[in-house]
Structure formats: C-alpha cells, structure tokens
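Residue-level listing of the chains:
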Amino acid sequence: MDMIELDGGQGGGQLLRSALTLSLCTGIGFTLQNIRAIRRKPGLMRQHLTAVNAAARVGNACTHGAALGATSLRFEPGVVSAGDYHFATGSAGSATLVLQTVLPALWRAPQPSRLRLEGGTHNPLAPSADFIADSYLPSLARMGVQASMQLLQHGFHPAGGGVIEVQVQPCAALQAPQLEQRPALHALQAQVLMSGLSSSIGLRELQVLADTLGVDPHPRHVQSIRPALGPGNVALVRVQHGSHVEVFDGHGERGVSAEQVGARLSARVQQYLQGNAYVGEYLSDQLLLPMALAGGGAFTTHVISDHLASNARLIEKFLPVEFDWQPHEGAWRVTVEA
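Just so it is clear, the model here is predicted, and its values are computed rather than measured.

## Observations regarding the side chain of Q100
Here is step 1 of the chain: In this structure, Q100 sits in helix α3 (residues 95-107).
Here is step 2 of the chain: Apart from residues no more than four positions distant in its own chain, Q100 is found in contact with T21, P127, I132, Y136 and Q286.

The following block contains the structure:
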C-alpha cells in the first residue's frame, strides 16, 4: 500500500480530518506525527478519536495509535462501505466535524448511507449544524452531491447531547464549482438559540444585530431549546446572495456580555458584506477538498486563512491537483487544476 508521511506539528485537527478523508477517497495510507502539537492540549481528543474510528469503520481501515492523547497515528484504508452508521463523541465534541470527515467517502460509495451522529452541534470552534444545513450541504448540492441533514437535538458546549441524522446518496461525478461573481444581496436574517438561560440575553444580542445590521429584532427570532441539556447560547446570522447562503455565528461565554457577543458577530458579518467575495472564510477551506475531488473549480474569498493554506498543501500530497490564489478585485481568487 502507498503510504504518505505527514507532520501535524503546524496545524490542528483539520489536518488529521482531511488526511482521513483523502485516505478513504484515494486508498493511500498515511502516518501522521506531532498531532495537534501547537495546541494547548496536543494529541487526539474525543472528537478527533471519534473521527478516526468513524473513518476506520466506513473505510474498513486498520489503525495504529488510535487512542486518547496519542500524538502519532498510522491509518491504512480498505474498501469504503455504504451503510447505516452511528457515531458518538461521548462529549460535546463536534458531531459536524465527524460528519465532514466521512461524508466525501460515502457519497463516492455505490449505495446510499445514513449517519446518526451524537455530540456537539453548536461549538465555538466548529461549523454549526445550521452552517452545515444552510451553507455547506447546499454548496455541495450545486456540485452534484445529494445529502440532507436533520437536527434532532441541539448540543451545546460543554454538555453536548446533540443529535443529527444525515442521508447520503451516491454521486458518480462532481461538477467543478465556479463561485466568483457574488449575486446581489437577497436576505439578511438573525436568530438566537438559548438553552437553560434567560431569553433576555438573546433579546439583547438580537437588538445589537438589529441596530448594526438592520435585521428584524422581533422576539420570535429568539428560540428556547427544550429539553435544555445544559446552558448554551448562540447567535446566528444568515446572509443570502442569490441562492448562496453564508451562516455566521457568535457564542455566549462566561464573562462576555450579550452586547459583546452581538457586536463581535456583527463585525464579522459586516466584513463579509463590505467586500465582494463570494465565499466566506470558513466555507472557503471546506470547499477545497470537494473541488480537488472534482478536478477543478474556482471561488473568491476575502481572506486566505492559515486553515485554507495548510489544507491546500495537504490535499496536494494525496491528489494530482494544484491550488493557486491570487488577488482579484479586492478579494482573493482561489483555483484548483488537475
């Protein structure tokens, strides 16, 4: 079996997840050293270990070193099998990141699959379930991927307990996306989710978003989650240009006022709105892998993040593609060619 040696010393969990996905899709194994070495707690945490075990099960793979806290891993993929899968992080670790790890392999399988994932659905350092449903999966759909998600239970940090179910259909070939000229603004909406906390906090966040972005501040946009498995608060802003939706979120935390949460979220949304880039920062690095599997495509984004750059270089190790990014009309134009 072909094997690639990787060093995770300059990145976080994304390098591990991308390596797992690419290994499943290419049949190329890898060894990864210095896993999450730059993080405060290096090595595999629960959500990373869940992603490894999920990839191993979906891809009938052999693993060496898959344990909590491990800083090195060997992964030898087998044949990907469609099926009915259930994976749980056992904590508030992100269920959506586990989904993104195995989804590309499953849409390349010859039969449909169903996933039930348990863990965090709204975490500060991971794509929210709303982002997956409204931005990520629709972007994949325009490339030909048929996948739908249902949020059965919200899970906030640190309690977790969230549940999502995803249906995935086979996709024989991906269409290369061309996401360069952003359409006119169609809609701007805000929503605040509250779990085990006073709705007044959400109303204050919503009022800041109304004052700065002009969204509707009606109390109906504050949703109390029941049953409340633990305290949680996230403010969401959906920005729609044509059929494309970007989802931005801001998370409440101890010692940070509702007004600060709203202001920080508003600033990120305004940065996107004031530019002319098609794709937001977080979606941009997540589109690289499906674009590489499609063998082409282009998009504009307002920033080349460290995540995007490191993900591009990793993908190039597994697939015969080359990424490039150049300044373009006040933004960055990102392209991939086979």
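Let's pick the thread back up.
## Some points on the pairing of strand β14 (residues 296-301)
Here is step 1 of the chain: For β14, the tally of buried residues reaches six of six residues, placing the bulk of the element in the interior.
Here is step 2 of the chain: Neither face of β14 is left uncovered, since the one carrying G296, A298 and T300 and the one carrying G297, F299 and T301 both have all their residues buried.
Here is step 3 of the chain: Both β14 and strand β16 (residues 331-337) contribute to a ladder of six bridges, which runs antiparallel. Each residue of the ladder has a partner; that of G297, found in β16, is V336.

## Notes on the packing of α3 against helix α4 (residues 129-141)
For any two helices packed against each other, the geometry is given by the interaxial angle and the distance between the axes.
Here is step 1 of the chain: Direction vectors running N to C along α3 and α4 enclose 20°, while the axes themselves pass 12 Å from each other. The orientation of α3 relative to α4 falls into the category roughly parallel. Considering how the two elements wind past one another, α3 and α4 form a crossing that is right-handed. Here α3 contributes T96, L99, Q100, L103 and W107 to the contact with α4, which in turn contributes A129, I132, Y136, L137 and L140.
Here is step 2 of the chain: Here the residues of the contact of α3 with α4 sort into eight nonpolar, two polar and no charged.

## Concerning the sheet that holds strand β7 (residues 147-153)
Here is step 1 of the chain: Taken in spatial order, the four strands make up an open sheet running β5-β6-β8-β7, and their pairing is mixed. Either end of the sheet is taken by a strand with one partner, and the two such strands are β5 (84-88) and β7. Between one strand axis and the next, the sheet turns by 15° as a mean value, whatever way the strands run.
Here is step 2 of the chain: Of the strand pairs in this sheet, β5 and strand β6 (residues 113-119) are connected by five bridges, and their pairing is parallel. Within β6, the position partnered with D84 by the bridge is R114.

## What about the sheet that holds strand β10 (residues 185-195)?
Here is step 1 of the chain: Read across the open sheet, the four strands follow the order β11-β10-β12-β13; overall the sheet is mixed. A strand with exactly one partner marks an edge of an open sheet, and here the two such strands are β11 (222-224) and β13 (244-251). Sheet twist, expressed as the mean angle between neighbouring strand axes with direction ignored, is 20°.
Here is step 2 of the chain: Relative to β13, strand β12 (residues 232-241) runs antiparallel, the two being bridged by eight bridges. In the sheet register, L236 faces β13, and the bridge partner there is D249.
Here is step 3 of the chain: Running at roughly 160° to β10, helix α5 (residues 199-213) makes contact with β10, β11 and β12 of the sheet.

Criteria and cut-off values
- Residues numbered from 1 in each chain as written.
- Predicted model: local features only at pLDDT ≥ 70, side-chain atom pairs only at ≥ 80, totals over all residues.
- Heavy atoms only, no water.
- Helix = DSSP H or I, 4+ residues; strand = E, 2+ residues; numbered from the N terminus.
- Contact = heavy atoms within 4.5 Å.
- Buried < 20%, exposed > 50% of the residue type's maximum accessible area, 1.4 Å probe, protein only.
- Pairing = 2+ DSSP bridges.
- Axes fitted to C-alpha atoms, helices over the stretch in contact; angles between N-to-C directions.
- Parallel < 35°, antiparallel > 145°, perpendicular 65-115°, else oblique.
- Left-handed = near helix turned anticlockwise from the far one by under 90°.
- Nonpolar A, V, L, I, M, F, W, Y, C, P; charged D, E, K, R; others polar.

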